[in-house]
Amino acid sequence: MQDRTDKSLFEGKYDSVILTSIDNIRFAEHIGDNEAAFYSRYMMGAAFIYLKDFKNAHDYADAYLEYAEQSKDEFKIARAYNLIGALYLTEKKYDSALPFLKKALPLSLKRKDTLEASMAYYNLSESYLNKGDMQKAQLYFTKAEEGIEAMAFKGLTTEMNLLQGKLKLTSNKPRDAIENFKKAIAFAEAGNYIDDILIEAYKEYSSALYETGDFKQAFLIRKKFDSLTQIQFEKEKLMATQNAAAQFSVNEYKKQAHQAELEKKLLSEKGLLNNILLSFFISAAILMGIFLVILYISHRGRKKLTLTLKEKNQQYLKAKEKSEKLALAKSKFFSTVSHELRTPLYGVIGLSSVLLEDESLKNHQADLKNLKFSADYLLALINDVLQISKLESNTLEEVRVPFDLRELAQSIVSSFQYALVQNKNKLYVEISENIPNTIVGDRVRLSQILMNLVGNAIKFTTNGNICISAREESISENEVTIHFSIQDNGIGIPREKQKAIFEEFQQVDSEDFKVQGTGLGLTIVKKLLEASNSSINLQSEPGKGSTFSFTLKFEILKHLLKDKILGDNNILNDKKILVVDDNRINQIVTKKILENHGMICGIAENGDIAIEKMRTEIFDLVLMDINMPGKDGIETTKEIRKFNKTTPIVALTAIEVEEMQNKILASGMDDIIVKPYDTDKFLKIILNNLLKEEHVAYGL
């Protein structure tokens, strides 16, 4: 029976181990074999470790340790210490694992039990590796390796190669580590078993390949890791069911053992109470009957509860799978849409910026400014809606630029002309004369706040008036604090709903208004103001309208950034810039901006052409797109850096910088420009990198 239990543990049938062990305990105790009974408890402890039921694992491991210490058998004590050490290791409680493993080792060495000692060395090595003590981890690994080789024991081939690979990877020897991971995987797959060890081997193998620069193979191995993780997840679901069944059996066993103990005690007492009155005996029998009825009812209730828990667990697992799939799809959608929307917006914003500088189009300056304003606003909306998680975590970057508040307000009025006519509303702007013409702050963030609030007011107002007001709260030589308010005489908001409207996807219900929209506008306003250390205030009464207000601080500008850049035109003039981009419109926009500021522009449609041009021509700076067919920008930059270490290379990309920043800079690029961009900021980054290059050239 014990051999059959050992075989079930090796085959991963942990519920069978537990069920068979319960029968073994009963039989062993029946024939008086105490050692066999506690060995079965040891096996149950090991099975519960694999099932990750650590509470039961501790119960049976502690019971076996108590028996081993009472028996004073050094072999059993060493085995108990090793079991508890392995249990804490599985729980990642390395400080708790080490004392037991250190006590197990000398006992195993004293008995010359090479296998048990090697297991202790192995567990000590893994514990110290996870604690970051490489010297001790390597020392104990070497000891474990010597013992296992001396025994010619093959059962730990996968575990030993995985641990050795992790040690080498931590010691910055990824190529050596790869060989160990291959051996670990080969041995595991030859044995046709999939468990946490094999999955971890694939994960570490992928990391080692990544460290060597073999990103393609690392990606393929990572896919294999993901596939095995899914298989293991399914296996763990089965194991969870097995654990539930095993737990039920264990509880039944404990209950029956307790009942047997009670019955034994009653029988013993019965012998001492033979002379007690018959009435008392009948009363005791009745009480016993009542107790058994209660026990039976309790058993039925527990069984029903167990079935309910199993059903709920299955529902939870299905919901978890669905949630993970939706999260993955959402992440992929956001990443794709973000890039695909920003790329055409680069053309719109870039061309409108170029046309604004064309003297022959002065009659269309207002239209072009409105066009660029709308494009800038659309870009901000895309960034905030697609990256709502940034708003939640307050990781938005503040972009401070000089702008004219009155011109911004007029652009907002122009943008809502159609909506104003449609709802028969009038929009007024009142800006205090004391507010300077040009201030410095996050223009796009302010425009998005105002656009959302004005748009909200227009939606809920008909035949009414809307007013944008800006007045100074305080003003000094370098800073002005402005109080903004957007007032309307629309339908108003009931007091009980004034808090809810700032939550995501919430709108005011009204029989007179059929409002379309995402319900994100006021949420974005609230979070943008919180990111600027401000807050939104609301005063409203149904039927009398609403007033939204907030306060922001701005710097007072003394010298325009554009004037500063144009003052350094002697540096930009005749500089030769190579633009590497596969998009025709992007090429045209970037080339026009560069040529309008005195620079000479060369074009490369892909990475191979860029590499050839850099070999045969001299350029002062390279603007490198990231996503291109064939060689992408990162691969192209790495090729160029093999023969050209000095020419500045600046990434010009529409992707999320947070996702790629480390990889971009690690490839050898000097800076990053995110499309679409503000022309002044674009020129400033180019200027800074050209100045850095001149400093290097002159040894400054």
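1. Examining the pairing of strand β6 (residues 537-541)
The side chains of a regular strand alternate, residue by residue, between the two faces of the sheet.
Alright, step 1. Covered by surrounding structure in β6 are Leu 538 and Ser 540 only, the residues Asn 537, Gln 539 and Glu 541 on the alternate face being uncovered.
Alright, step 2. Sheet topology places β6 next to strand β7 (residues 545-556); 5 bridges connect them, and they run antiparallel. The residue bridging Asn 537 from the neighbouring strand is Ser 549, located in β7.
Alright, step 3. Turn length for the β6-β7 hairpin, with the two strands adjacent in sequence and antiparallel, is 3 residues, and the turn residue Gly 543 shows positive phi of about 85°.

2. Notes on the sheet that holds strand β12 (residues 671-674)
Alright, step 1. Spatial strand order, β9-β8-β10-β11-β12: 5 strands in an open sheet with parallel pairing. In this open sheet, the two edge strands, each paired with only one partner strand, are β9 (600-604) and β12. The sheet shows a mean angle of 25° between the axes of neighbouring strands, taken without regard to direction.
Alright, step 2. Both strand β10 (residues 621-624) and strand β11 (residues 649-653) contribute to a ladder of 3 bridges, which runs parallel.

3. Thoughts on empty space enclosed by the protein
Alright, step 1. For the structure on display, the rule yields 2 cavities of 30 Å³ or more.
Alright, step 2. Approximately 60 Å³ is the volume attributed to the largest cavity.
Alright, step 3. If you go around the largest cavity, the residues you meet are Asn 456, Ala 457, Phe 460, Asp 488, Ile 491, Gly 492, Ile 493, Ser 546 and Phe 548.
Alright, step 4. Looking at the lining of the largest cavity, the elements with two or more residues in it are α18 (443-459) and β7.
Alright, step 5. Split by residue class, the lining of the largest cavity holds 5 nonpolar, 3 polar and 1 charged.

4. A short note on helix α2 (residues 14-31)
Alright, step 1. Between its first and last C-alpha, α2 extends 25 Å over 18 residues, near the 26 Å set by a 1.5 Å rise per residue.
Alright, step 2. When α2 is considered as a whole, its buried residues turn out to be Tyr 14, Asp 15, Val 17, Ile 18, Thr 20, Ser 21, Ile 22, Asn 24, Ile 25 and Ala 28.
Alright, step 3. Gly 32 sits one or two residues past α2 and shows a positive phi near 80°.

5. Thoughts on the packing of aromatic side chains
Alright, step 1. Overall, the coordinates contain 13 aromatic pairs when judged by the stated rule.
Alright, step 2. Centre to centre, the rings of Tyr 81 and Phe 100 are 6.2 Å apart; their planes meet at 55°, and the pair counts as tilted. On the criterion of sequence distance, the pair formed by Tyr 81 in helix α5 (residues 74-90) and Phe 100 in helix α6 (residues 94-110) is long-range, its members being 19 residues apart.
Alright, step 3. Classification of Phe 100 by relative accessible area gives buried; the value is 19%.
Alright, step 4. Judged by centre distance (5.8 Å) and plane angle (10°), the rings of Tyr 128 and Tyr 140 are stacked. Here the residue Tyr 128 occupies a position in helix α7 (residues 114-131), and Tyr 140 occupies one in helix α8 (residues 134-151), the gap between them amounting to 12 residues. This pair shows no difference in class: Tyr 128 is buried, exactly as Tyr 140 is.
Alright, step 5. In this structure an aromatic cluster arises from ring pairing among Phe 38, Tyr 39, Tyr 42, Tyr 64 and Tyr 67.
Alright, step 6. Note that Lys 103 overlies the ring of Phe 100, its terminal NZ or CZ placed 5.1 Å from the centroid.

6. Some points on a nonpolar patch on the surface
Alright, step 1. Residues Ile 282, Ile 286, Leu 287, Ile 290 and Ile 294 make up a contiguous nonpolar surface patch of roughly 490 Å² in combined accessible area.
Alright, step 2. Within the secondary structure layout, Leu 287 lies in helix α13 (residues 278-356).

7. Points about the packing of helix α9 (residues 157-170) against helix α11 (residues 196-212)
Alright, step 1. Their axes nearest at 10 Å, the elements α9 and α11 cross at an angle of 30°. The pairing of α9 with α11 is recorded here as roughly parallel in orientation. Every pair of crossing elements has a handedness; the one defined by α9 and α11 is left-handed. Only Ile 197, Glu 200, Ala 201, Glu 204, Ser 207, Ala 208 and Glu 211 of α11 make contact with α9, whose side of the interface consists of Thr 158, Glu 159, Leu 162, Lys 166 and Leu 169.

8. Quick look at the pattern of salt bridges
Alright, step 1. Taken as a whole, this structure holds 17 salt bridges when the rule is applied.
Alright, step 2. A salt bridge links Asp 59 to Lys 55, with the nearest nitrogen and oxygen atoms 3.6 Å apart. Of this pair, Asp 59 and Lys 55 both sit in helix α4 (residues 54-71), 4 residues apart, which is roughly one turn of that helix.
Alright, step 3. Asp 59 sits in the partly exposed class, given a relative accessible area of 34%.
Alright, step 4. Among the ionic pairs, Glu 200 bridges to Lys 166, the shortest N-O distance being 2.8 Å. One end of the pair, Glu 200, is in helix α11; the other, Lys 166, is in helix α9, with 34 residues separating them in the sequence.
Alright, step 5. Overall, the relative accessible area of 10% leaves Lys 166 in the buried class.

9. Some points on unusual backbone geometry
Alright, step 1. Of note, Asn 172 is a non-glycine position whose phi angle comes to about 60°, a positive value.
Alright, step 2. On the secondary structure map, Asn 172 appears in the loop between α9 and α10 (174-190).
Alright, step 3. One non-glycine residue, Asn 463, lies in the positive phi region at around 55°.
Alright, step 4. As for its position among the elements, Asn 463 is in the loop between α18 and β4 (465-475).
Alright, step 5. Residue Asn 463 is classed as exposed on the basis of its relative accessible area, which comes to 58%.

Criteria and cut-off values
Residues numbered from 1 in each chain as written. Predicted model: local features only at pLDDT ≥ 70, side-chain atom pairs only at ≥ 80, totals over all residues. Heavy atoms only, no water. Buried < 20%, exposed > 50% of the residue type's maximum accessible area, 1.4 Å probe, protein only. Helix = DSSP H or I, 4+ residues; strand = E, 2+ residues; numbered from the N terminus. Pairing = 2+ DSSP bridges. Axes fitted to C-alpha atoms, helices over the stretch in contact; angles between N-to-C directions. 1 Å grid on protein atoms, 1.4 Å probe; cavity = no way out; pocket = protein on both sides within 12 Å on 5 of 7 lines; lining within 4 Å. Points joined across faces, edges and corners; volume = space filled by probe spheres on them. Nonpolar A, V, L, I, M, F, W, Y, C, P; charged D, E, K, R; others polar. Expected span 1.5 Å × (residues − 1). Phe/Tyr/Trp six-rings, centres within 6.5 Å; stacked < 30°, edge-to-face > 60°. Lys NZ or Arg CZ within 6 Å of the ring centre and 35° of its normal. Patch = residues over 30% accessible without salt bridge, like charges linked within 9 Å, V, L, I, M, F, W, Y side chains within 5 Å. Areas by Shrake-Rupley, 256 points an atom, 1.4 Å probe, with all protein chains shown as cover. Salt bridge = Lys/Arg side-chain N within 4 Å of Asp/Glu carboxyl O. Parallel < 35°, antiparallel > 145°, perpendicular 65-115°, else oblique. Left-handed = near helix turned anticlockwise from the far one by under 90°. Contact = heavy atoms within 4.5 Å.

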